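# Analysis of the macromolecular model
Given next are the chains, with one letter for each unit.
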Amino acid sequence: MTAAVFFGCAFIAFGPALALYIFTIATEPLRVIFLIIGAFFWLVSLLFSSLFWFVARTITANKDGPIQKYLLILGVLVSVFIQELFRFVYYKLLKKASEGLKSINPDETTPSMRLLAYVSGLGFGIMSGVFAFVNTLSDSLGPGTVGIHGDSPQFFLNSAFMTLVIILLHVFWGIIFFDGCEKKKWSALLIVLLTHLLVSALTFISPHYGINLVSTYMIMLLMGIWAFFVAGGSCRNLKLCLLCQDKDFLLFNQRSR
């Protein structure tokens, strides 16, 4: 039973991301490189968040009680700000790299910023999901019985679905964030930051999985619709895609902006 839970939760959490990687990124070496760099930037943001947490714990002298609760909330908020800051830094780096490639070889076709936004967002999401879920996933192999002390027996399943939504949200946030930077729509960046904070805040009510998951998936749906139209989608090409009549849907054969 533990093996079934392990593989089931693993494929729920990382299956869609794996499919996106195989079908849209793995065949293009340049996309793989950008994905790895995006994952690295998320790791660097985690490093800075860890440094903040270490300093904060040292200052409070590891005191127990309400201080640790508020410190945890502050740590999550700071971590979200740092992640979005590094997303912006990664955008600036990609922008400079794209302009540099154009100046060196004007005839060379460079990846569009829409495509780079998708790839970087997936890199952020995969690395975030791995760090959020890998320890929980390893515990699913046992020993022990989930819920034996009155907790929810669906803990691993709920954690898997939460990891899935976080990965997809990072993809959508990346697309919206990069588009906001390109078009100087700073309100889009603010909305990405606020929704990221909101989703992170919802994890504090984790025992109430119904409220947590439903709210987070509603945010993901709204962000997904917004990202779809930002990436150049429309009702017409969505219909063609679902009917398998559009082979160049969104991510393929993008022209440089």
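Note that this is a predicted model, so its numbers are computed, not measured.

## A few points about the overall build of the protein chain
- The helix and strand inventory of the protein chain stands at eight helices and zero strands.
- Starting at the N terminus and walking to the C terminus, you meet the elements of the protein chain as α-α-α-α-α-α-α-α.
- Taking all 257 residues of the protein chain together, the buried fraction comes to 41%.
- For the protein chain, the proportion of contacts with a sequence separation of at least 24, taken over those separated by at least 6, is 74%.

## Side note on the packing of aromatic side chains
- Inspection of the entire model under this criterion finds 11 aromatic pairs.
- Connected via pairs of aromatic rings, a cluster forms that spans F40, F41, F48, F86 and Y90.

## Overview of the packing of helix 5 (residues 155-182) against helix 7 (residues 209-230)
- Two elements in contact, helix 5 and helix 7, have axes whose closest approach is 9 Å; the angle formed by their N-to-C orientations is 25 degrees. As summarised for this structure, helix 5 and helix 7 are arranged roughly parallel, according to the angle between their axes. The interaxial crossing formed by helix 5 with helix 7 has left-handed handedness.

## Observations concerning the nonpolar core
- Y118, L122, L169, I175 and F178 are the most contacted members of the largest nonpolar core, which totals 50 residues.
- Among the secondary structure elements, those contributing two or more residues to this core are helix 2 (29-59), helix 3 (66-104), helix 4 (113-139), helix 5, helix 6 (186-202) and helix 7.
- Looking at this core element by element, the count peaks at 15 residues for helix 5.
- For L122, the contacting residues outside a window of four places in its chain are A17, L20, Y21, I25, L35, I167 and V171.
- Grouped together as the second largest cluster of nonpolar side chains are seven residues, C9, A10, F133 and A160 included.

## Re the pattern of salt bridges
- Applying the stated rule across the entire model yields three salt bridges.
- With a shortest N-O distance of 2.9 Å, R87 and E84 are connected by a salt bridge. Placement of the pair is R87 and E84 together in helix 3, with a separation of three residues, close to one helical turn.
- Two residues, D179 and K183, come together in a salt bridge whose shortest N-O distance is 3.4 Å.

## Regarding a nonpolar patch on the surface
- Together, L43, V130, F131 and V134 make up a nonpolar patch on the protein surface, roughly 300 Å² of accessible area in all.
- Looking at the nonpolar patch, the element that brings in the most residues is helix 4, giving three residues.
- Within the fold, V130 resides in helix 4.

## As for the environment of A10
- Residue position: A10 is located in helix 1 (residues 2-24).
- Taking the C-alpha atoms as reference, A10 lies 7.0 Å from A160; in sequence the two are 150 residues apart.
- For A10, the contacting residues outside a window of four places in its chain are G15 and L137.

## A look at helix 5
- A rise of 1.5 Å per residue sets the reference length of helix 5, with its 28 residues, at 40 Å; its end C-alpha atoms lie 40 Å apart and thus fit the reference within 8%.
- Of all 28 residues that make up helix 5, 24 are buried, and the element is covered over most of its length.
- Looking one or two residues beyond helix 5, the residue adopting positive phi is K184, at roughly 60 degrees.

## Quick word on the side chain of E84
- In this structure E84 comes out as buried when scored by relative accessible area, which is 6%.
- Not counting residues within four places of it along the chain, the set of residues in contact with E84 comprises F177, V192, L193 and H196.

## Concerning the packing of helix 6 against helix 7
- Between helix 6 and helix 7, whose axes approach to 10 Å, the crossing angle comes to 160 degrees. For the element pair helix 6 / helix 7, the angle class is roughly antiparallel. Seen along the crossing, helix 6 lies across helix 7 with a hand that is left-handed. Within the contact between the two elements, helix 6 uses A188, I191, T195, L198, V199 and L202 and helix 7 uses N212, S215, T216, I219, M223 and W226.
- A breakdown of the residues in the contact of helix 6 with helix 7 according to their chemical character gives eight nonpolar, four polar and no charged.

## Regarding the side chain of T136
- Looking at the element boundaries, T136 is found in helix 4.
- Exposure remark for T136: the relative accessible area of 16% places this residue in the buried category.
- For T136, the residues in contact, after removing those within four places along its chain, are F155, F156 and S159.

Thresholds applied
- Residues numbered from 1 in each chain as written.
- Predicted model: local features only at pLDDT ≥ 70, side-chain atom pairs only at ≥ 80, totals over all residues.
- Heavy atoms only, no water.
- Helix = DSSP H or I, 4+ residues; strand = E, 2+ residues; numbered from the N terminus.
- Buried < 20%, exposed > 50% of the residue type's maximum accessible area, 1.4 Å probe, protein only.
- Contact = heavy atoms within 4.5 Å.
- Phe/Tyr/Trp six-rings, centres within 6.5 Å; stacked < 30°, edge-to-face > 60°.
- Axes fitted to C-alpha atoms, helices over the stretch in contact; angles between N-to-C directions.
- Parallel < 35°, antiparallel > 145°, perpendicular 65-115°, else oblique.
- Left-handed = near helix turned anticlockwise from the far one by under 90°.
- Core = buried A, V, L, I, M, F, W, Y, C linked by side-chain atoms within 4.5 Å.
- Salt bridge = Lys/Arg side-chain N within 4 Å of Asp/Glu carboxyl O.
- Patch = residues over 30% accessible without salt bridge, like charges linked within 9 Å, V, L, I, M, F, W, Y side chains within 5 Å.
- Areas by Shrake-Rupley, 256 points an atom, 1.4 Å probe, with all protein chains shown as cover.
- Expected span 1.5 Å × (residues − 1).
- Nonpolar A, V, L, I, M, F, W, Y, C, P; charged D, E, K, R; others polar.

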